[in-house]
Amino acid sequence: MARSSSSIFFLFSLVAILISTSCQAKSSELLKNNVAGLFIFGDSFLDAGNNNYINTTTLDQANFWPYGETYFKFSTGRFSDGRLVSDFIAEYANLPLIPPFLQPGIREYYSGVNFASAGAGALVESFQGDVINLRTQLIYYKKVESLLRGKLGNDEARMRISRAVFLFSIGSNDYTSPFLTNNFTLLHSFSESRYVAMVIGNLTTVIKQVYKSGGRKFAFMNVPQLGCLPVIRVINTENSGRCLGKLSLLAKLHNKVLSKLLFDLQKQLKGFKYSLFDLNSSLGKRMNHPSKYGFKEGKAACCGTGKFRGVFSCGGKRLVKEFQLCENPNQYVFWDSIHLTEIANRQLAKEMWNGATNSHVIGPYNLKRLFQIP
């Protein structure tokens, strides 16, 4: 029997409240134990449900079946069949699920909070009006900072902020949005290097603002092989579904500039420490050699339609209603035409957490070491 929209909303709200209550109980316990928190900025790779609470379209939401069905058994707003990289990082750090900032009822932030928004970019223009861009995420963070200072006092709040880890995944939508919306006005207004510089420049501003508030430990995921995502392959009809070179070039340039920025900031800002995860390389290996990592399919999605199931139709509530769903998401790297399965997220999180820092996949710190630093 089909569930009515009001029943679905009630169930969704109930699940959110139960998760929120559990997280806040553990958060209060963490206040006593002085455990380092996790603050999350970014896009759909890390959005735990903020877009459930804004006026946007289903293109930027995942609060419907079959999203979430593998682990939560209910859609939470995460763009996966289960948990995200950030959920596993929180688990490894002995933290509760980090709640989305906009989720009603969140009153304590001792364990951190999630500001990420599906579709968000460092540029305001990326999917403008439908997402919570990075600049707005910073505004939300400053509200949380103010609340912490009000509850704990300036010294205690600053100490806790200095011990927290700030995780970022941003930039992908700044490069893919022109291709997905067929609006190249901004991208074509600048050279490739200048466009990337604007994206990195906006990210730099946010990093420095967080640093100014007391943040000292930062973690970053670089952008993946954007030109090879199933959603890009399916629109690249001129080259029979191959990777789109233009996007791959932008991703490569972004990652190079990001790496240099973080290296420079470490020298410029006293106490600044960071972890940079090479998502581009790590995900690329799983896409090109899936069996080596326990997958059967590395290029096509589990949920969607068309070639590579690259049409972004998972759940049937977007522009295209038709979709197919694989029998076993654990055999796939990609859940839908853009996002990863829970098992892929788990693998990536493990590399981020305790990967060898001399492997060129993670460094100069892995996440485990970053959390341990006083």
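Quick caveat: nothing in here was measured; it's all calculated off a predicted structure.

**Digging into the overall build of the chain**
Each helix and strand in the chain was counted, giving 12 helices and 10 strands. Here the C-alpha radius of gyration of the chain, 20 Å, is about what a compact globule of 374 residues would show, namely 21 Å. A total of 374 residues make up the chain; the buried ones form 57% of that total. Sequence separation of 24 or more characterises 71% of the internal contacts of the chain that already satisfy a separation of 6 or more. With an accessible surface of roughly 15,900 Å², the chain has 53% of that area assigned to carbon and sulfur atoms. With 43 positive and 25 negative side-chain charges, the chain shows a spacing of 6 Å between the two charge centroids.

**A short note on the sheet that holds strand E3 (residues 165-169)**
Ordered in space as E2-E1-E3-E4-E5-E10, the six strands form an open sheet in which the pairing is mixed. Either end of the sheet is taken by a strand with one partner, and the two such strands are strand E2 (112-114) and strand E10 (362-364). The sheet shows a mean angle of 20° between the axes of neighbouring strands, taken without regard to direction. Inspection of the sheet shows strand E1 (residues 38-42) paired to E2 by three bridges, in the parallel sense. Counted as the bridge partner of isoleucine 40 is asparagine 114 from E2. Contacting E1, E3 and strand E4 (217-221), helix H7 (residues 192-212) crosses the sheet at an angle of about 155° to E4.

**Quick word on the packing of helix H5 (residues 172-181) against helix H9 (residues 245-268)**
Orientation of H5 relative to H9, taken along the N-to-C sense of each, is 165°, at an axis distance of 10 Å. Classified by the interaxial angle, the pair formed by H5 and H9 is roughly antiparallel. As H5 packs across H9, the resulting crossing turns out to be right-handed. Of H9, the residues touching H5 (which contributes Tyr175, Thr176 and Phe179) are Lys246, Leu247, Leu250 and His254. Its residues assigned to classes, the contact of H5 with H9 comprises four nonpolar, two polar and one charged.

**Focus on the side chain of serine 177**
Assignment of secondary structure puts serine 177 in helix H5. Among the polar contacts listed, one links the side chain of serine 177 to the backbone oxygen of asparagine 173, at a separation of 2.7 Å. When sequence neighbours within four positions are dropped, the list of residues in contact with serine 177 reads Ser126, Phe127 and Asn182.

**Quick word on helix H2 (residues 85-92)**
Because the α-helix completes a turn every 3.6 residues, residues three or four places apart line up on one side. The buried count for H2 comes to six of eight residues, which makes it a mostly enclosed element. Where the residues of H2 are buried, they touch E1, E2, E3, E4, helix H11 (342-354) and helix H12 (367-372). Immediately beyond the C-terminal end of H2, within one or two residues, lies asparagine 94, with a positive phi of roughly 65°.

**Observations concerning the state of the cysteines**
For the structure on display, the rule yields three disulfides. The residue that forms a disulfide with cysteine 228 is cysteine 243, at a sulfur-sulfur distance of 2.0 Å. With the S-S dihedral at roughly 115°, the linkage between cysteine 228 and cysteine 243 falls on the right-handed side. On the criterion of sequence distance, the pair formed by cysteine 228 in the loop between E4 and helix H8 (230-235) and cysteine 243 in the loop between H8 and H9 is long-range, its members being 15 residues apart. For cysteine 243, a relative accessible area of 30% gives the class partly exposed. Put simply, cysteine 303 and cysteine 314 are joined by a disulfide, and their sulfur atoms are 2.1 Å apart. The sign of the S-S torsion, about 95°, decides the handedness of the disulfide formed by cysteine 303 and cysteine 314: right-handed. In this pair, cysteine 303 is assigned in strand E7 (residues 303-304) and cysteine 314 in the loop between E7 and strand E8 (324-325), connecting sequence segments 11 residues apart. For cysteine 303, a relative accessible area of 0% puts it in the buried group. Among the residues examined, cysteine 314 registers a relative accessible area of 0% and is labelled buried.

**Re the packing of helix H3 (residues 134-152) against helix H4 (residues 154-163)**
Following both chains from N to C, one finds H3 and H4 inclined at 130°, their axes separated by 7 Å at the closest point. Taken together, H3 and H4 sit at an angle that is classed as oblique. Of the two possible hands of crossing, H3 and H4 adopt the one that is right-handed. Listed contacts from H4 to Tyr141, Glu145, Leu148, Arg149 and Leu152 of H3 are Asn154, Glu156, Ala157, Arg158, Arg160 and Ile161. Among the residues making up the contact of H3 with H4, the classes are represented as five nonpolar, one polar and five charged.

**Points about the packing of aromatic side chains**
One pass over the structure, following the stated rule, counts 25 aromatic pairs. Between phenylalanine 101 and tyrosine 140 the ring centres are 4.7 Å apart and the planes differ by 25°, which places this aromatic pair in the stacked class. You can see phenylalanine 101 sitting in the loop between H2 and E2 and its partner tyrosine 140 sitting in helix H3, a full 39 residues away along the chain. Look at tyrosine 140 and you get buried, because its relative accessible area is 16%. Taken together, the aromatic side chains of Phe39, Phe41, Phe101, Phe115, Tyr140, Tyr141, Phe166, Phe168, Phe218, Phe220, Phe272 and Tyr274 make up a single cluster linked through ring pairs.

Thresholds applied
- Residues numbered from 1 in each chain as written.
- Predicted model: local features only at pLDDT ≥ 70, side-chain atom pairs only at ≥ 80, totals over all residues.
- Heavy atoms only, no water.
- Helix = DSSP H or I, 4+ residues; strand = E, 2+ residues; numbered from the N terminus.
- Rg over C-alpha atoms; globule rule 2.2 N^0.38 Å.
- Buried < 20%, exposed > 50% of the residue type's maximum accessible area, 1.4 Å probe, protein only.
- Contact = heavy atoms within 4.5 Å.
- Areas by Shrake-Rupley, 256 points an atom, 1.4 Å probe, with all protein chains shown as cover.
- Lys, Arg positive; Asp, Glu negative; His and termini not counted.
- Charge placed at Lys NZ, Arg CZ, Asp CG, Glu CD.
- Pairing = 2+ DSSP bridges.
- Axes fitted to C-alpha atoms, helices over the stretch in contact; angles between N-to-C directions.
- Parallel < 35°, antiparallel > 145°, perpendicular 65-115°, else oblique.
- Left-handed = near helix turned anticlockwise from the far one by under 90°.
- Nonpolar A, V, L, I, M, F, W, Y, C, P; charged D, E, K, R; others polar.
- Polar contact = N/O pair within 3.5 Å; in protein donor to acceptor, adjacent residues only side chain to side chain.
- Disulfide = S-S within 2.5 Å.
- Phe/Tyr/Trp six-rings, centres within 6.5 Å; stacked < 30°, edge-to-face > 60°.

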